[in-house]
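Understanding the architecture of this molecule
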Amino acid sequence: MTIGSYTPEEAISSIATALAPAALGIVRLSGKNCIELVSKVFSRPKALLAAPGNTLVYGWIVDNGKKIDEVMLAVYRAPKSFTGEDMVEIFCHGGPAVVTAIQTLMLKSGFRQALRGEYTFRAYINGKTDLTKAEAVKEIIDSHTDAGRSHAVGRLSGSLFEEIDSIKKLIVDTLAAIEVEIEYPEDEETIADTFDRKDIELARDRLQTLADSWKGEKLYQDGARVVLAGRTNAGKSSLFNAILKEERAIVSDIEGTTRDWLESWASINGIPVRLFDTAGLRQTDDVIEAQGVELSRNLASDADLVLYLIDSTTKPTPEDEEFIKNCKEPLIVVWTKSDKNEDVRPAYETTCPQIQISSKTGTGIPLLFAQIAKILTSGLTTDREQAGLGSARQRDSVAEALENVKHALISADDNYTLDAVVQDLEEALDCLGEVTGDVTPDDVLGSIFANFCVGK
């Protein structure tokens, strides 16, 4: 999809809620004459046309005199709406047939089906939001945990925009000082003496902080792959169920019960995690179980973190030692069934963290969660209060801006002409403009909004 696919101001309509049985459904409408178009299929057209912005109107949606559903209409008048245009949101009963019937009627009444992200795009082009806030909308929708949602809310409330704007001001102030020197030159010993480099150094440091934030923010968006590995009957399925707080995996004393892997999203101290329960590692003549064992090894080799489980009532085997020794991924040795072995922690020599737990009683699981979070966030910036980057696109633009600012300082130190410094700083400003949407190619805009859901 390209930006050319969007037609600004054209009346558009879409279903904004999931097509599933629910108490309420919402059909969202926006664009030129949208209120007038809805009034033609509303039982109280005069009341709707006279309604001020930010008010509700009760009535029925009707098709040629036939009642479709009893509804409430939320009326928004430009520019005080999400898109900056006139808008109507139809709150109807949430049955899929009802919502679909109303949407079909809207399309027959002069509305066009909205494209993916078209409402947010209109909000952007009408100055109601910038790209950092627009992308944060999708982040909130896609968030897996409260912590991930909280980080996205910070960007939606303007934390990233304000930080970028503040950095741009530092660069603009420096450019203004340089332009004065170019117009009214004085004898200076070096080019570096012609402007105060403190602002540019501060801009460099703050850009570096932003660039460093990406890995931490990406963790909360995409999550981490955590694989439960170990021999048969080590307690992997029990721990899987304990973390999810539901009976997802079959637990049995019979070896080889888990032959395939299970996966599910989980929240571990606010970090979204794709948790994998795998087949027990052992030699077997069962062809199907052997395939499951091989899958387990492959999953572990591609994990962000491996939890290797050992039954604390048994001794480690050579197979345990071999796996732990050869594992290239971050690893925690988890001694299970502590309820059967409360006092004695099995001795095992390894540099990996070791934690004893009971999936049955919950003992040790908070400590395990803390260790998992510590490893996954090691070296990452995850402070909710600090502005952070929310997309790979933002990361690339900030990284390029940072390189330009660094090069400007090098140019000044090497006594290049002031024009060279100006060029570096202006390119840095363009890169930062791409982050917020001040300067952004159409194809980039298209790729951003094409990933939104239709109703947004």
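Up top is the structure these notes are about.
Residues numbered from 1 in each chain as written. Predicted model: local features only at pLDDT ≥ 70, side-chain atom pairs only at ≥ 80, totals over all residues. Heavy atoms only, no water.

Considering the nonpolar core
Membership of the largest hydrophobic core comes to 30 residues, with the highest contact counts inside it found for Ile171, Leu207, Leu210 and Leu425. Only helix H7 (159-183), helix H8 (198-222), helix H13 (392-413) and helix H14 (418-436) provide two or more residues apiece to this core. Counting residues per element, this core draws most heavily on H14, which supplies 9 residues. When near neighbours in sequence (up to four residues on either side) are disregarded, leucine 425 contacts Ile171, Thr174, Leu175, Ile178, Ile200 and Ala408. (Core = buried A, V, L, I, M, F, W, Y, C linked by side-chain atoms within 4.5 Å. Buried < 20%, exposed > 50% of the residue type's maximum accessible area, 1.4 Å probe, protein only. Helix = DSSP H or I, 4+ residues; strand = E, 2+ residues; numbered from the N terminus. Contact = heavy atoms within 4.5 Å.)

A short note on the pattern of salt bridges
Tallied over the entire structure, the rule returns 23 salt bridges. A salt bridge links aspartate 142 to lysine 138; its shortest N-O distance comes to 2.5 Å. Taken together, the residues span about one helical turn, with aspartate 142 and lysine 138 both in helix H5 (residues 131-142) at a distance of 4 residues. In this structure, arginine 155 engages glutamate 217 in a salt bridge whose closest nitrogen and oxygen atoms are separated by 3.1 Å. Here arginine 155 is found in helix H6 (residues 146-156), whereas its partner glutamate 217 is found in helix H8, with 62 residues between them in sequence. Note on arginine 155: relative accessible area 1%, which makes it buried. (Salt bridge = Lys/Arg side-chain N within 4 Å of Asp/Glu carboxyl O.)

Side note on the packing of H13 against H14
Two elements in contact, H13 and H14, have axes separated by 8 Å at closest approach and are oriented at 165°. In terms of axis orientation, H13 runs roughly antiparallel to H14. With respect to the hand of their crossing, H13 and H14 are arranged in left-handed fashion. Where H13 approaches H14, its residues Arg393, Gln394, Ser397, Val398, Glu400, Ala401, Asn404, Val405, His407, Ala408, Ser411 and Ala412 are matched on the opposing element by Val421, Asp424, Leu425, Glu427, Ala428, Cys431, Leu432, Glu434 and Val435. Grouping the constituent residues of the contact of H13 with H14 by class yields 11 nonpolar, 5 polar and 5 charged. (Axes fitted to C-alpha atoms, helices over the stretch in contact; angles between N-to-C directions. Parallel < 35°, antiparallel > 145°, perpendicular 65-115°, else oblique. Left-handed = near helix turned anticlockwise from the far one by under 90°. Nonpolar A, V, L, I, M, F, W, Y, C, P; charged D, E, K, R; others polar.)

Here we look at H14
With 19 residues, H14 extends 28 Å from end C-alpha to end C-alpha; this agrees with the ideal 27 Å at 1.5 Å per step. Turning to H14, its buried residues number three or more, namely Leu418, Val421, Val422, Asp424, Leu425, Ala428, Leu429, Cys431, Leu432, Gly433, Val435 and Thr436. Where H14 terminates, the next one or two residues include glycine 437, which has phi positive at roughly 100°. (Expected span 1.5 Å × (residues − 1).)

Quick word on the pairing of strand E3 (residues 55-63)
The pairing of E3 with strand E4 (residues 66-76) spans 9 bridges and is antiparallel. Of the residues in E4, the one forming a bridge with valine 62 is lysine 67. Where E3 folds back onto E4 in an antiparallel hairpin, the turn is made up of 2 residues, including asparagine 64, whose phi is positive at roughly 55°. (Pairing = 2+ DSSP bridges.)

Topic: the sheet that holds strand E5 (residues 87-93)
Reading across from one edge, E3-E4-E5-E2-E1-E6 is the order of the 6 strands in this open sheet, with mixed pairing throughout. Since the sheet does not close on itself, it has two edges, and those belong to E3 and strand E6 (112-113), each with one partner. As paired strands, strand E1 (residues 12-15) and E6 are joined by 2 bridges and run parallel to one another. Paired with serine 13 across the strands is glutamine 113, a residue of E6. Strands in contact with helix H3 (residues 96-108) are E1, strand E2 (24-30), E3, E4, E5 and E6; relative to E5, the strand with the most contacts, it is inclined by about 145°. Packing of helix H4 (residues 118-125) onto the sheet brings it into contact with E1, E2, E5 and E6, and relative to E1 it is tilted by some 135°.

Some details on the environment of leucine 389
Tracing the sequence through the fold places leucine 389 in the loop between helix H12 (365-376) and H13. With relative accessibility at 0%, the residue leucine 389 sits in the buried group. In this structure, the C-alpha to C-alpha distance between leucine 389 and tryptophan 214, residues 175 residues apart in sequence, is 5.3 Å. Each residue touching leucine 389, except ones within four places of it in the same chain, is listed here: Arg155, Leu160, Leu210, Ala211, Ser213, Trp214, Glu217, Gln221, Gln394, Arg395 and Val398.

Overview of the environment of lysine 80
Mapping lysine 80 onto the fold places it in the loop between E4 and E5. Expressed as a C-alpha distance, the spacing of lysine 80 and glycine 53, which sit 27 residues apart in the sequence, is 7.6 Å. Not counting chain neighbours up to four residues away, the residues in contact with lysine 80 comprise Asn54 and Lys128.

Quick word on the packing of aromatic side chains
Two aromatic rings, taken as a pair, are described by how far apart their centres are and by the angle between their planes. This model, assessed by the stated rule, comprises 2 aromatic pairs. Centroid distance tyrosine 308 to phenylalanine 323: 4.8 Å. Interplanar angle 25°. Geometry classified as stacked. Of this pair, tyrosine 308 sits in strand E10 (residues 305-311) while phenylalanine 323 sits in helix H11 (residues 318-326), and the two are 15 residues apart along the sequence. For tyrosine 308, a relative accessible area of 1% corresponds to the buried category. Positioned above the aromatic ring of tyrosine 119, the side-chain terminus of arginine 28 is 5.5 Å from the ring centre. Cation over ring: lysine 133 sits above phenylalanine 161, and NZ or CZ is 5.7 Å from the ring centre. (Phe/Tyr/Trp six-rings, centres within 6.5 Å; stacked < 30°, edge-to-face > 60°. Lys NZ or Arg CZ within 6 Å of the ring centre and 35° of its normal.)

Topic: unusual backbone geometry
With an omega of 0°, the peptide bond between alanine 78 and proline 79 qualifies as cis. For proline 79, the location among the structural elements is in the loop between E4 and E5. Positive phi is not limited to glycine here, since lysine 337 has a value of about 60°. Position of lysine 337 among the secondary structure elements: in the loop between strand E11 (331-336) and strand E12 (354-356). For lysine 337, a relative accessible area of 23% translates into the label partly exposed.

Such coordinate-based values are descriptive only and should not be taken to indicate function.
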